[in-house]
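Structural features, examined
As a plain string of letters, each chain reads:
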Amino acid sequence: MDPRYEIYAIRYAHLPRTARHNFIDGDAHDGPMPLDYFVWVIRDGGRHWVVDTGFDAAMAAQRRRQLIRPVEAGLEAIGIDPAGVEDVIISHMHYDHAGNQQLFPRARYHLQDEEMAFCTGRAMCHGLMRAPFDAADVQAMVGRVFKDRVVFHDGDAELAPGLTLHRVGGHTRGLQVVRVATRRGWVVLASDAAHFYANWRQRRPFPIVENITAYLEAFRRIEQLADSPRHVIPGHDPRVLSCYPRALPDVADIVRLDLDPVGDQDA
Ligand SMILES: [Zn+2]
Ligand SMILES: [Zn+2]
């Protein structure tokens, strides 16, 4: 039988801002365009993979982001005890994707070779490049390497049937996206390959870029990997919450991405 994973998007934080901050060439209208922050869970019966680890309350205060709900509380809301999680996929090492360093004491961390080289190497000598990284997150990952808790990948990798990783780079050098087999077809968790639907659909990069050509090529790659544009999930777009059905009836910011969208993604 073909695998049919469930996918959950769990919002944990929020940042009000205007549109000019979200495009490399600014935005003439500059209306409100807030960011949401998510972690994702891929579930197959009793087995699950957590995609990205978010940041904690201290980091939210330091960077002046609104923590909506701690990541551990979001996971617990869908029945996952972080202490029991065995596999964590890190899309890339930015502070909002690789924090909460102590939250998953048993987990193996899946990471691209290029991302670890990027965030421990020469690029971090430049303030502009290292600004979205936190040294403690990087140090924690080095610590896991020395405890056999990091699984390095180089390009494409299969974690389980119907669950694969793909390095796309662009935003960071080793950014990877996750392709998942679901009942509605192949879904791609694009993470920061597309912060917003608009970055991707309008080919207008978000201002944090390591390599602009690679960033633009990544759009083609995620379109190849997904069954349709409705199968691509941006990393920070609040519209994801209005597009997809709730996982729990009373919780507005945990949604199911393996079910058909209910709203208009291009609105
Ligand atoms: Zn990022
Ligand atoms: Zn991000």
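Now for a description of the structure that goes with this document. Owing to the predicted nature of the structure, the values given are computational and were not obtained by experimental measurement.

**So, unusual backbone geometry**
- Residues other than glycine seldom take positive phi values, yet Asp30 does so here, at roughly 55°.
- For Asp30, the position within the fold is in the loop between strand 1 (6–15) and strand 2 (35–44).
- The phi torsion at Asn100 lies on the positive side, around 50°, for a residue other than glycine.
- As for its position among the elements, Asn100 is in the loop between strand 5 (87–89) and strand 6 (108–112).
- A relative accessible area of 11% places Asn100 in the buried class.

**Observations regarding the coordination of the zinc ion (ligand 1)**
- Distances from the zinc ion (ligand 1) to its protein donors, His92 (NE2), His94 (ND1), His171 (NE2) and Asp192 (OD), fall within 2.1 to 2.2 Å.
- Coordination at the zinc ion (ligand 1) is irregular, judged from the four donor atoms that bind it and the angles of 90 to 166° they form at the metal.
- Going along the chain, you hit the donors of the zinc ion (ligand 1) in the pattern H-x1-H-x76-H-x20-D.
- A gap of 3.6 Å separates the zinc ion (ligand 1) and the zinc ion (ligand 2), which Asp192 links by coordinating each metal. Assigned by exposure class, His92 and His94 land together as buried.

**Quick look at the coordination of the zinc ion (ligand 2)**
- Ligation of the zinc ion (ligand 2) by protein atoms is provided by Asp96 (OD), His97 (NE2), Asp192 (OD) and His236 (NE2), these donors lying 2.1 to 2.3 Å from the ion.
- For the zinc ion (ligand 2), the four donor atoms in the first shell make angles of 89 to 153° at the metal, so the coordination geometry reads as irregular.
- Sequence spacing among the residues donating to the zinc ion (ligand 2) works out to D-H-x94-D-x43-H.
- Asp96 gets classed as buried once you look at its relative accessible area, which sits at 6%.
- Here His236 falls in the buried class, since its relative accessible area comes to 2%.

**Re the pairing of strand 3 (residues 47–51)**
- Of all five residues in strand 3, four are buried, a share of seventy percent or more.
- Looking at chain direction, strand 2 and strand 3 are connected through five bridges and run antiparallel. What sits directly across from Arg43, in strand 3, is His48.
- From the end of strand 2 to the start of strand 3, which pair antiparallel, there are two residues, and Gly45 there has a positive phi angle of about 60°.
- Across three bridges, strand 3 lies against strand 5 in parallel orientation. Note on strand 5: the bridge partner recorded for Trp49 is Asp87.

Parameters and conventions
- Residues numbered from 1 in each chain as written.
- Chains lettered and ligands numbered in written order.
- Predicted model: local features only at pLDDT ≥ 70, side-chain atom pairs only at ≥ 80, totals over all residues.
- Heavy atoms only, no water.
- Helix = DSSP H or I, 4+ residues; strand = E, 2+ residues; numbered from the N terminus.
- Buried < 20%, exposed > 50% of the residue type's maximum accessible area, 1.4 Å probe, protein only.
- Donors = N, O, S within 2.8 Å, 3.2 Å for Na, K, Ca; no water.
- Tetrahedral: all angles 85-135°; square planar, octahedral: opposite > 155°, others 65-115°.
- Pairing = 2+ DSSP bridges.

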